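One-letter residues, chain by chain:
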Amino acid sequence: MKAARFYDRGDIRIEDIPEPVVEPGTVGIEVAWCGICGTDLHEFMEGPIFIPSCGHPHPISKESAPVTMGHEFSGVVYAVGEGVSDIEVGQHVVVEPYIVADDVPTGPGDKYHLSKNMNFIGLGGRGGGLSEKIAVKRRWVHPISNDIPLDQAALIEPLSVGHHAFTRSGAKAGDVALVGGAGPIGLLLSAILKAKGLSVIVTELSSARKQKASESGVADHILDPSEVDVVEEVMKITDGRGVDVAFECSSVNKVLDTLVAATASAGVVVIVSIWSHPATVNVHSVVMKELDVRGTIAYCNDHQETIRLVEEGKIDLEPFITQRIQLDDLVSKGFDTLIHNNESAVKIIVQPRIS
């Protein structure tokens, strides 16, 4: 089968590799669509980061580069391994792409996403969504309604990142939120916030992303920091109080500074983006306003609720897909576009198998 394999920084190859073996306790999935994530871009430009470098295997997966990429994917079950009785061939599914030790519990309240040596399918090994097929342990496979188109279902993984950030924030219906950065995660997080009854202010420079925030209906107010003083505008919108909660989704220090300044006393600032460089924060403002500054990583028992929101029609994922490409065009039409011409794209999804 075809697969996109990461060898090293700037070196991703489309290769023929053996199809996966559907072992006991696993589910064989024919991949329908796979999204290109910002993490994938960082690996391509700066990696290996999450990907174990050649000769240094991951302690759980026992794999190192080259590895198959892709962790935002949907598909159709084509086989079930021995011992799997609650998944059927033909079901539509998405994957919560974790690699954690087998003895780590994943029930309600278990913080498996923080377990030792945690990594992700499609980064740390165990196949990936940028291939025609994959075999995944049953506990990471989530059935979805056939009413959700499979191309849209590929966005449930990043949408779950937004849901976990919302959960970490402690925000509630009626609150006002400020989202710093309208890239894919910022937009999908905003969709979660709207579905949960919050008012959403988005700050963004990119005209394409501002337009996407507007046409998707996920923002009540869209502020461009090159055109307005964001803090001043936020104070006008909130009658001088500031927002209840702010989400940093850009890895830009100036955005973080803006969020701290625009958040109301006793409010919460959540760091959602993955930073590859140190940041500074106005600690005096944090102290004097008794702000909570919280980190969030990925998701933890968030997929079920995220899927429910989509199935019930509370979130429409179609507006966020800007391009659909084939696996052979992954680098030329996918990575290169997102790196050099991201004004033209928000979310690019890849079809590994030509239908």
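Residues numbered from 1 in each chain as written. Predicted model: local features only at pLDDT ≥ 70, side-chain atom pairs only at ≥ 80, totals over all residues. Heavy atoms only, no water.

A.B. asks: Sorry if this is basic, but what is going on with the sheet that holds strand β16 (residues 292-295) here?
C.D. replies: Picture the strands of a sheet paired through backbone hydrogen bonds; they go either parallel or antiparallel. What the 6 strands build is an open sheet, ordered β13-β12-β11-β14-β15-β16; its pairing is parallel. Bordering the open sheet on either side are β13 (221-223) and β16, each of which pairs with just one other strand. Sheet twist, expressed as the mean angle between neighbouring strand axes with direction ignored, is 20 degrees. Pairing between strand β15 (residues 263-271) and β16: 4 bridges, direction parallel. Its bridge partner lying in β16, valine 269 is registered against valine 293. Taken strand by strand, helix α4 (residues 184-195) contacts β11 (176-180), β12 (199-203) and β14 (243-248), and its axis lies near 170 degrees from that of β11. (Pairing = 2+ DSSP bridges. Helix = DSSP H or I, 4+ residues; strand = E, 2+ residues; numbered from the N terminus. Axes fitted to C-alpha atoms, helices over the stretch in contact; angles between N-to-C directions. Contact = heavy atoms within 4.5 Å.)

A.B. asks: Even after reading the chapter, I still don't get the packing of aromatic side chains, so can you show me in this structure?
C.D. replies: Centre-to-centre distance and the angle between the planes together describe a pair of aromatic rings. All told, the structure shown has 7 aromatic pairs when counted by the stated rule. Relative to phenylalanine 120, the ring of tyrosine 98 has its centre 5.3 Å away and its plane inclined at 25 degrees; by these criteria the two rings are stacked. Here tyrosine 98, found in strand β7 (residues 98-99), pairs with phenylalanine 120, found in strand β8 (residues 119-120); they are 22 residues apart in sequence, far enough to count as distant. With respect to burial, tyrosine 98 and phenylalanine 120 carry one shared label: buried. Clustering of aromatic rings is evident, with ring pairs tying together Phe50, Tyr98, Tyr112, Phe120, Trp140 and Tyr299. When the ring centre of tyrosine 7 is taken as reference, the NZ or CZ atom of arginine 13 above it lies at 3.6 Å. Over the aromatic face of tyrosine 78 sits the side chain of lysine 133, whose NZ or CZ is 4.4 Å from the ring centroid. (Phe/Tyr/Trp six-rings, centres within 6.5 Å; stacked < 30°, edge-to-face > 60°. Buried < 20%, exposed > 50% of the residue type's maximum accessible area, 1.4 Å probe, protein only. Lys NZ or Arg CZ within 6 Å of the ring centre and 35° of its normal.)

A.B. asks: Could you clarify how one ought to interpret the pattern of salt bridges in this entry?
C.D. replies: Pairing of side chains with opposite charge becomes possible as their charged atoms draw close. Enumeration according to the criterion identifies 24 salt bridges in this entry. In this structure, lysine 196 and glutamate 305 form a salt bridge, with 2.8 Å as the shortest nitrogen-oxygen distance. Placement of lysine 196 in the loop between α4 and β12 and of glutamate 305 in helix α9 (residues 303-311) is noted, with a sequence separation of 109 residues between them. Residues aspartate 292 and arginine 294 are paired through a salt bridge, measuring 2.8 Å at the closest nitrogen-oxygen approach. Taking the relative accessible area as the measure of exposure, aspartate 292 reaches 34% and is therefore partly exposed. Where salt bridges share partners, they join Lys196, Glu305, Arg308, Glu312 and Lys314 into one cluster. (Salt bridge = Lys/Arg side-chain N within 4 Å of Asp/Glu carboxyl O.)

A.B. asks: Would you take a moment to explain unusual backbone geometry for this structure?
C.D. replies: Backbone phi values are negative for most residues with the exception of glycine, while trans is the configuration of most peptide bonds. For the bond running from glycine 47 to proline 48, omega is 0 degrees, close enough to zero to count as cis. With an omega of 5 degrees, the peptide bond running from alanine 65 to proline 66 counts as cis. Position of proline 66 relative to the elements: it lies in the loop between α1 (38-46) and β4 (67-68). For asparagine 117, which is not a glycine, the phi torsion comes out positive at approximately 65 degrees. Topologically, asparagine 117 is positioned in the loop between β7 and β8. Owing to a relative accessible area of 35%, asparagine 117 belongs among the partly exposed residues under this scheme. The phi dihedral of serine 251 is positive, around 60 degrees, even though this residue is not glycine.

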